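# Reading the structure
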Amino acid sequence: MRLRQTTMKGAYKRAFEREVVMERHAELAAMIDKYAGGDGVHATPIPRLHLIRAATTTEPVVAPYEPAVCIVAQGEKQAILGDVALAYDPAKYLVVSADVPVICHITKASSASPYLCLRLDLDLASLGAMMLELGVEPARGDAPGPALALSAATPELIDAAARLVALLGHPQDARALAPLVEREILYRLMTGEQADKIRQIAVSDSKLAQVSRAIRWIKRNYAKPLRIETVAAEARMSPSGLYQHFKAVTGMSPLQYQKRLRLQEARRLLLQDSLDAAGAGHRVGYESPSQFSREYARAFGAPPMRDIERLKKGQEPMVGA
């Protein structure tokens, strides 16, 4: 009898929590829709907070993801890193632990029910300070996992996210209160399912931090020939250790990562600097124009100039988290 009562209480509690989450998601969706102001990825006056809206589904496209937490209020998106595809929606939040180029696309959105999401970039200094305050043991020796991870959205996290976005309507309050709400969100992450990943982001000598050093080096030198020994020295790892942990985090080898960066930069050059395909490919390190065009089309769904024509017509796929 007692076991049955305990089970029933647990079921009622879970049902109540689901109802609270749904209500807060509806409030969060309404506020994102209000303050985003239209489709796209929008920076806000609150530091590190971005709002994302899309009224249509999109084709898969390569986009840069950086350390952040992403909370979907409405709709659904898929992110592919290496061989792993993750679908996130209002039931789950996404943690990004490193700079990674991700194949992503919005899979559920419409004009009546657009995709609505917030992205809060992670402040590593704040995470480190919170670890010290909480007395959290650093995760120095842990092997890093994939840079993308999903967890169930909790009522506490959604409530804090809704209060952060609500502050966009009260600029004077936001200056004083937004840092406190951001701190609460970081606390929820630090004590939630992704606690180990958050600890690795914050600790400067973790394996994840070493991989992040390698990533930063490749980003600075993406147009140059890549030697794994040079990158390993920058990361303070052995070449074999770097290869193993780099692939665990990013889902790709350092060479594949470099290729993704080259294609992203070439796309930017084609769009903003009006270079031709051969010039853009050469600028980012490609010696063969035909190889550049093939790999560009594979990444962005169309050859260079056709893709740029599509972008200029306002048909740009959604990027970001």
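In this report, we go over the structure that sits alongside the text. (Residues numbered from 1 in each chain as written. Predicted model: local features only at pLDDT ≥ 70, side-chain atom pairs only at ≥ 80, totals over all residues. Heavy atoms only, no water.)

## Observations regarding helix 5 (residues 195-202)
Where we set the bar: Type-normalised accessible area, obtained with a 1.4 Å probe on protein chains alone, sets the label of each residue: buried when under 20%, exposed when over 50%, and partly exposed for intermediate values. Going along the chain from the N terminus, every DSSP run of H or I of four or more residues is numbered as a helix, and every run of E of two or more is numbered as a strand. Every residue pair with non-hydrogen atoms within 4.5 Å of one another is taken to be in contact.
Burial runs high along helix 5: 7 of the 8 residues are buried. For helix 5, the full list of buried residues reads Ala 195, Lys 197, Ile 198, Arg 199, Gln 200, Ile 201 and Ala 202. Buried positions along helix 5 lie against strand 7 (92-96), helix 2 (124-134), strand 10 (148-152), helix 4 (171-190) and helix 6 (207-220).

## Details of the nonpolar core
The cut-off we apply is this: Note on terminology: a nonpolar core comprises buried Ala, Val, Leu, Ile, Met, Phe, Trp, Tyr and Cys residues joined through side-chain atoms within 4.5 Å.
Leu 28, Tyr 65, Ile 71, Tyr 115, Leu 118, Leu 148 and Leu 189 are the most contacted members of the largest nonpolar core, which totals 97 residues. Apart from residues lying up to four places away in sequence, Leu 28 is in contact with Ile 71, Ala 73, Leu 118, Ala 161, Ala 162 and Val 165.

## Some details on the sheet that holds strand 5 (residues 76-81)
For clarity, the cut-off: Note on pairing: two strands pair once DSSP finds at least 2 bridges between them. Structural elements are reduced to axes, namely lines fitted to C-alpha atoms, with helices fitted over the stretch in contact, and the angle between N-to-C directions of any two is expressed from 0 to 180 degrees.
Reading across from one edge, 3-8-5-6 is the order of the 4 strands in this open sheet, with antiparallel pairing throughout. Every interior strand has two partners, whereas the edge strands, strand 3 (61-65) and strand 6 (84-88), have only one. Pairwise comparison of adjacent strand axes, ignoring direction, gives a mean angle of 35° for this sheet. Relative to strand 8 (residues 100-108), strand 5 runs antiparallel, the two being bridged by 5 bridges. Looking at the pairing, Gln 78 lines up with His 105 of strand 8.

## Quick look at the side chain of Ser 151
Threshold: We call two N or O atoms a polar contact when they sit within 3.5 Å, provided that within protein one can donate a hydrogen and the other can accept it, with sequence-adjacent residues counted only if both atoms are side-chain atoms.
Position of Ser 151 relative to the elements: it lies in strand 10. With relative accessibility at 2%, the residue Ser 151 sits in the buried group. A polar contact is formed between the side chain of Ser 151 and the side chain of Glu 193, at a distance of 2.9 Å. There is a polar contact of 2.7 Å between the side chain of Ser 151 and the side chain of Gln 194. If near-sequence neighbours (up to four positions away) are discounted, Ser 151 is found in contact with Ala 91, Lys 92, Tyr 93, Glu 193 and Gln 194.

## Some thoughts on the pairing of strand 4 (residues 68-74)
Residues in a regular strand project their side chains so that they alternate between the two faces of the sheet. The buried fraction of strand 4 is high, at 6 of 7 residues. Bridge count for strand 4 against strand 7 is 4 bridges, and the pairing is antiparallel. What sits directly across from Val 69, in strand 7, is Val 95. Relative to strand 9 (residues 115-121), strand 4 runs antiparallel, the two being bridged by 6 bridges. Note on strand 9: the bridge partner recorded for Val 69 is Leu 120.

## Quick look at the packing of helix 6 against helix 9 (residues 254-272)
In plain terms, the rule: An angle below 35 degrees is read as roughly parallel, one above 145 as roughly antiparallel, one from 65 to 115 as roughly perpendicular, and any other as oblique. In a left-handed crossing the near helix is turned counterclockwise from the far helix by less than a right angle, and in a right-handed crossing that turn is clockwise. Amino acids are sorted into nonpolar (Ala, Val, Leu, Ile, Met, Phe, Trp, Tyr, Cys and Pro), charged (Asp, Glu, Lys and Arg) and polar (every other residue, Gly among them).
Where helix 6 contacts helix 9, the two axes come as close as 10 Å, and the packing angle between them is 45°. Overall, the two elements helix 6 and helix 9 adopt an arrangement that is oblique. Of the two possible hands of crossing, helix 6 and helix 9 adopt the one that is right-handed. Contacts from Ile 215, Ile 218 and Lys 219 in helix 6 reach Pro 254, Tyr 257, Gln 258 and Leu 261 in helix 9. Its residues assigned to classes, the contact of helix 6 with helix 9 comprises 5 nonpolar, 1 polar and 1 charged.

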